[in-house]
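A look at the structure
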Amino acid sequence: MKKLFTMNELNVTEIEGILHEAEGFANGSSWHPKLQTMVANLFFEPSTRTKSSFEMAERKLGLEVIPFDAGTSSILKGETLYDTVKTLEAIGVNALIIRHEQDHYFDELKEKIRIPIINAGDGCGNHPTQSLLDLLTIKQEFDSFKGLKIAIIGDVRHSRVAKSNAEALTRLGAEVVFSGPPEWFDGEKGLGRYQDIDEAIATSDVVMLLRIQHERHSEKYNHANGDYLERFGLTKKREKNMKQDAIIMHPAPINRGVEIDSDLVECSRSRIFKQMENGVFIRMAVLKNVLEQTEGGMNHENCDQKWSIAR
Amino acid sequence: MKKLFTMNELNVTEIEGILHEAEGFANGSSWHPKLQTMVANLFFEPSTRTKSSFEMAERKLGLEVIPFDAGTSSILKGETLYDTVKTLEAIGVNALIIRHEQDHYFDELKEKIRIPIINAGDGCGNHPTQSLLDLLTIKQEFDSFKGLKIAIIGDVRHSRVAKSNAEALTRLGAEVVFSGPPEWFDGEKGLGRYQDIDEAIATSDVVMLLRIQHERHSEKYNHANGDYLERFGLTKKREKNMKQDAIIMHPAPINRGVEIDSDLVECSRSRIFKQMENGVFIRMAVLKNVLEQTEGGMNHENCDQKWSIAR
Amino acid sequence: MKKLFTMNELNVTEIEGILHEAEGFANGSSWHPKLQTMVANLFFEPSTRTKSSFEMAERKLGLEVIPFDAGTSSILKGETLYDTVKTLEAIGVNALIIRHEQDHYFDELKEKIRIPIINAGDGCGNHPTQSLLDLLTIKQEFDSFKGLKIAIIGDVRHSRVAKSNAEALTRLGAEVVFSGPPEWFDGEKGLGRYQDIDEAIATSDVVMLLRIQHERHSEKYNHANGDYLERFGLTKKREKNMKQDAIIMHPAPINRGVEIDSDLVECSRSRIFKQMENGVFIRMAVLKNVLEQTEGGMNHENCDQKWSIAR
């Protein structure tokens, strides 16, 4: 593949290929591009996990990282995202990782930019490397997706992964149910049915909690009174009813005491920090994939203009 | 050379030497310092192109880049530019690249700082590596500057490159004319005459557009109604009247639809993104030049004080 | 050692060991970890010197630095310091350097985080690598601490190093006196007596000035009228009364003309910029120490959870 914007672009074989490669990296495999390779991470929204995870993956692959800070860039002088990306292509960056607050920001880029772009999150849209790391974490635990029941719980409407995870998990043979505040569930998508919170938690192999995306709620949902945890979160009482080998997942950052009782974040069922570790291996696999497609032949070919010096 | 603050410091032979070296890098030459070499990029104003370009050049030369963020530095605690620079010298940085909003910020540094400094833009003053990349782009196209006519169009008053480009191009044998809003043209400098916009564009080999530096205009010039493009910008109609082999240049970031019709930014005459690519090679050449002068013998010698441990 | 939060953790032998190692680095020794090693510098307060110094030390040791910008991190989404640190541990960072505005921020981390943490300043509390570089600078000058008299002058109350320096210097055999505004001196700590400013300066081997920490004063101390320099600062007149071989130190950033006459900052007695250079060697020594303790065996062991893939 030469880009990764959404999970829909990947068929089941490609997903399994990436998971396999990521497991290889987790078990100590290494890969380095033959030539000095430059990447840049363009994050237009706050991030610790995803950005650090890409930075780590890039260094493990021996890539050079050209720093980019949206807050001190020419975006401040009114430059568009397209011109910024085109600039980085022109100066020789070999691949870009982009997080942007606008849904499908990549639509305006994909026709005209020739270097690979990996989507690290667009608005309330997609976050394919997060989806892939979730899949890897489940696969490590249960080896197969067939017959598993996964409950996706919480802020489905604003989540970048709820819908694409549900879609991918269904394709891979799992059953998906949704729970949480019914008004945040968009049943018409047909990706899975809504189930009562207690039943969903008690009967699933994977309890996948979603972060309440306060920064995306136009009217702030009031959960300060602890009501959310009791009604829709993973309390200690609900955790006791989970299936024997069931695991807990959360993309983080966690609102402790809201989506999950703070004491459960590091309990033995929790794979929350393992998800983070897996993120590095997934990003290594995705970066390897896109860089292998483009290696060689990029010099001076990344612009539509004639290059007298390169002849 | 051990520093580069303004184009005036360079004679014609030195300019040609840098262009030659940059062409070598464009064609695949490489150079690395013998010892581990540390540089820092101090950007006190927003930048995408220039900063990324230096970062790229530095990595291609195998330099180590010590990150510096003006927004989280001790400048916030009231530290002066001089003390900040002296600090970086003391901890062992081997060369500095500085952009600062104050004209001639380097005057207070040049006597007392021993490590090389490359000016990446001072106020409305100078931006020598931008001038050099402009020259390289013209040279690649026409091989020689002699007999060429170059039109520099737009916000001459606030441009960092208009005057120094005019001066250097004249020294190299080209003819320079200026155009754009007459009130932004300072005819007394004697660097070139003012010409009507239509004539300037129709008769020049290089149409060099300048960015309107909104952030430097004390009273904001009103161009929102599209008036500027029609009166002083490069419209499609004016482009049709250009000489057959004439090229379009712009330092960017571009105000699309203001200095230039958006559709022309990537037309076959445009060298706008090629300028950006050339910027990397120019900066490699300049960095090589200043680092070669200082290599070896820097350890412990960068302060006026006696160093008992180094004896 | 596997961490460094405060000077109190180090006994005299350990302090001398670090100083010895740092002198080795100053004289050209090198050390590199056997495996690719990742560190991150988490600075939640402005810094030029300490941050750049760690960045320099890390590159000299061949470490990879994962960039972290508090201003664009998930801290903005409400993530706690603990969860941020745990995240960086989970993705494979091998050591953390942290500066945070909260006194003893590390208390909540030290039990549960397994990777080494080096404190780069906590509130008005501690700054052990600054203390160590002060000690190194004194040792280089006088070879031994025994019998030396050190005057610590100024904003003792808000200083991160005044108390720990006094404590360490006393342990190492020096005599410490304090001076400056009496209301900023907390005599009850028993670390040294208060002495009149003129007498303290005239009779000490080391005049260690402290920065007025404006940003930590709840009510801003008014020194704009130059009154502070005359009453409690190092004026040219007081400098003339210093002992023949006495030296001047200041942790910087300097408020020029406040704690010290601006002309004295780079006088022959001043070791202010030498302190900065020493900071790099001290940080190399401390990093080497903590990384040697943890090398090998960190993979997949940094979380409480079972890791199916690592078996």
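Residues numbered from 1 in each chain as written. Chains lettered and ligands numbered in written order. Predicted model: local features only at pLDDT ≥ 70, side-chain atom pairs only at ≥ 80, totals over all residues. Heavy atoms only, no water.

On to the sheet that holds strand β7 (residues 193-194) of chain B. All names here are of chain B. Overall, parallel pairing links the five strands, which are arranged β7-β6-β5-β8-β9 in an open sheet. Two strands bound the open sheet, and with one partner strand each, they are β7 and β9 (247-249). Inspection of the sheet shows strand β5 (residues 149-153) paired to strand β8 (residues 206-209) by four bridges, in the parallel sense. Considered in β8, the bridge of Ile 152 is made with Met 208. Contacts between helix α4 (residues 128-142) and the sheet are confined to β5, β8 and β9, with β9 contributing the most and set at about 170 degrees to the helix. (Pairing = 2+ DSSP bridges. Helix = DSSP H or I, 4+ residues; strand = E, 2+ residues; numbered from the N terminus. Contact = heavy atoms within 4.5 Å. Axes fitted to C-alpha atoms, helices over the stretch in contact; angles between N-to-C directions.)

This part covers the UniProt feature "binding site: carbamoyl phosphate" (unreviewed entry) in chain A. UniProt records the feature "binding site: carbamoyl phosphate" (unreviewed entry) for A:Arg49, A:Thr50, A:Arg99, A:His127, A:Gln130, A:Ala252 and A:Pro253 in the present numbering. As for the annotated residues, the ones lining the largest cavity are A:Arg49, A:Thr50, A:Arg99, A:His127, A:Gln130, A:Ala252 and A:Pro253. As for its placement among the helices and strands, A:Thr50 is situated in helix α2 (residues 49-60). Here A:Thr50 falls in the buried class, since its relative accessible area comes to 6%. Every residue in contact with A:Thr50, bar those within four places of it in the chain, is listed here: A:Phe43, A:Arg99, A:Ala120, A:His127 and A:Arg283. For A:Thr50, the side chain forms a polar contact with the side chain of A:Arg99, separated by 3.3 Å. Tracing the chain through its elements places A:Arg99 in strand β3 (residues 95-100). Other than its neighbours up to four places away in sequence, A:Arg99 contacts A:Leu42, A:Phe43, A:Phe44, A:Glu45, A:Pro46, A:Ser47, A:Thr50, A:Ala120, A:Gly121, A:His127, A:Arg160 and C:Lys77. (UniProt positions renumbered as here; feature names shortened; annotations may be inferred. 1 Å grid on protein atoms, 1.4 Å probe; cavity = no way out; pocket = protein on both sides within 12 Å on 5 of 7 lines; lining within 4 Å. Buried < 20%, exposed > 50% of the residue type's maximum accessible area, 1.4 Å probe, protein only. Polar contact = N/O pair within 3.5 Å; in protein donor to acceptor, adjacent residues only side chain to side chain.)

Moving on: the interface of chain C and chain A. Counting residues at the interface gives 34 residues for chain C, matched by 34 residues for chain A. Summing both sides of the interface, chain C and chain A together bury roughly 3000 Å²; the carbon and sulfur share of this comes to 53%. On the surface where chain C and chain A come into contact, there are five salt bridges. With a closest N to O distance of 3.7 Å, C:Lys112 and A:Glu266 form a salt bridge. (Buried area = accessible area lost by both parts, 1.4 Å probe. Salt bridge = Lys/Arg side-chain N within 4 Å of Asp/Glu carboxyl O.)

Counting from both sides, the interface comprises 33 residues of chain B and, opposite them, 34 residues of chain C. Counting every contact that joins chain B to chain C gives five salt bridges. Here C:Glu266 ties to B:Lys86 by a salt bridge, and the two come within 3.5 Å at their closest N and O atoms. At the junction of chain B with chain C, the criterion picks out seven residue pairs in polar contact (both at pLDDT 80 or more). Breaking the side of chain B that touches chain C down by element, the ones donating at least two residues are β2 (64-65) and α3 (81-90) of chain B. By residue number, the principal contributor to the side of chain B that touches chain C is α3(B), which donates seven residues. Each residue belonging to the side of chain B that touches chain C can be placed in one class, and the counts come to 15 nonpolar, ten polar and eight charged. (Nonpolar A, V, L, I, M, F, W, Y, C, P; charged D, E, K, R; others polar.)

A few words now on empty space enclosed by the protein. All names here are of chain A. Scanning the model with the defined rule gives six cavities of 30 Å³ or more in all. What the largest cavity holds in volume is close to 340 Å³. Every residue lining the largest cavity is counted, 28 residues in all, and those nearest its centre are Arg 99, His 127, Gln 130, Pro 251 and Ala 252. Looking at the lining of the largest cavity, the elements that each hand over two or more residues are α2, α4 (128-142) and α9 (272-294). Sort the elements by how many residues they give to the lining of the largest cavity and α9 lands first, with four residues. Its residues assigned to classes, the lining of the largest cavity shows eight nonpolar, twelve polar and eight charged. One number sums up the size of the second largest cavity: a volume of about 230 Å³. The class makeup of the residues in the lining of the second largest cavity is five nonpolar, eight polar and seven charged. (Points joined across faces, edges and corners; volume = space filled by probe spheres on them.)

Moving on to the relation of the copies chain B and chain C. The two copies are related by a screw operation: chain B maps onto chain C through 120 degrees of rotation and 0.0 Å of translation along the axis, at an RMSD of 0.0 Å. With respect to symmetry, the two chain copies, as superposed, fit the operation of a three-fold axis. Residues of chain B ranked by C-alpha distance from the rotation axis are headed by B:Pro67, positioned 5.2 Å from it. (Least-squares fit on C-alpha atoms with pLDDT ≥ 70 in both.)

With that settled, consider the pattern of salt bridges. Scanning the entire structure with this criterion turns up 69 salt bridges over all chains. A:Glu64 is the salt-bridge partner of B:Arg59, the closest N and O atoms lying 3.9 Å from each other. Pair noted here: B:Arg59 is in helix α2 (residues 49-60) and A:Glu64 is in strand β2 (residues 64-66), and the two residues belong to different chains. On the accessibility criterion, B:Arg59 (13% relative accessible area) is buried. Residue A:Glu175 pairs with A:Arg193 through a salt bridge whose shortest N-O separation is 2.7 Å.

Another aspect to go through is the environment of C:Leu136. All names here are of chain C. Looking at the secondary structure, you find Leu 136 in helix α4 (residues 128-142). The exposure class assigned to Leu 136 is buried, which follows from its relative accessible area of 0%. For the pair formed by Leu 136 and Phe 281, sequence separation is 145 residues and the distance between their alpha carbons is 9.4 Å. Residues in contact with Leu 136, not counting those within four places in the same chain, are Leu 19, Ala 22, Glu 23, Asn 278 and Ile 282.

All names here are of chain B. Buried residues dominate strand β3 (residues 95-100), accounting for six of its six residues. By the alternation rule, side chains of β3 split into Ala 95, Ile 97 and Arg 99 and Leu 96, Ile 98 and His 100, which are all buried. For strand β1 (residues 38-43) and β3, the ladder comprises five bridges, and the chain directions are parallel. Bridge pairing in β3 links Asn 41 to Ile 97. With four bridges joining them, β3 and strand β4 (residues 117-122) adopt parallel strand pairing. Looking at β4, one finds that Ile 97 is bridged to Ile 118.

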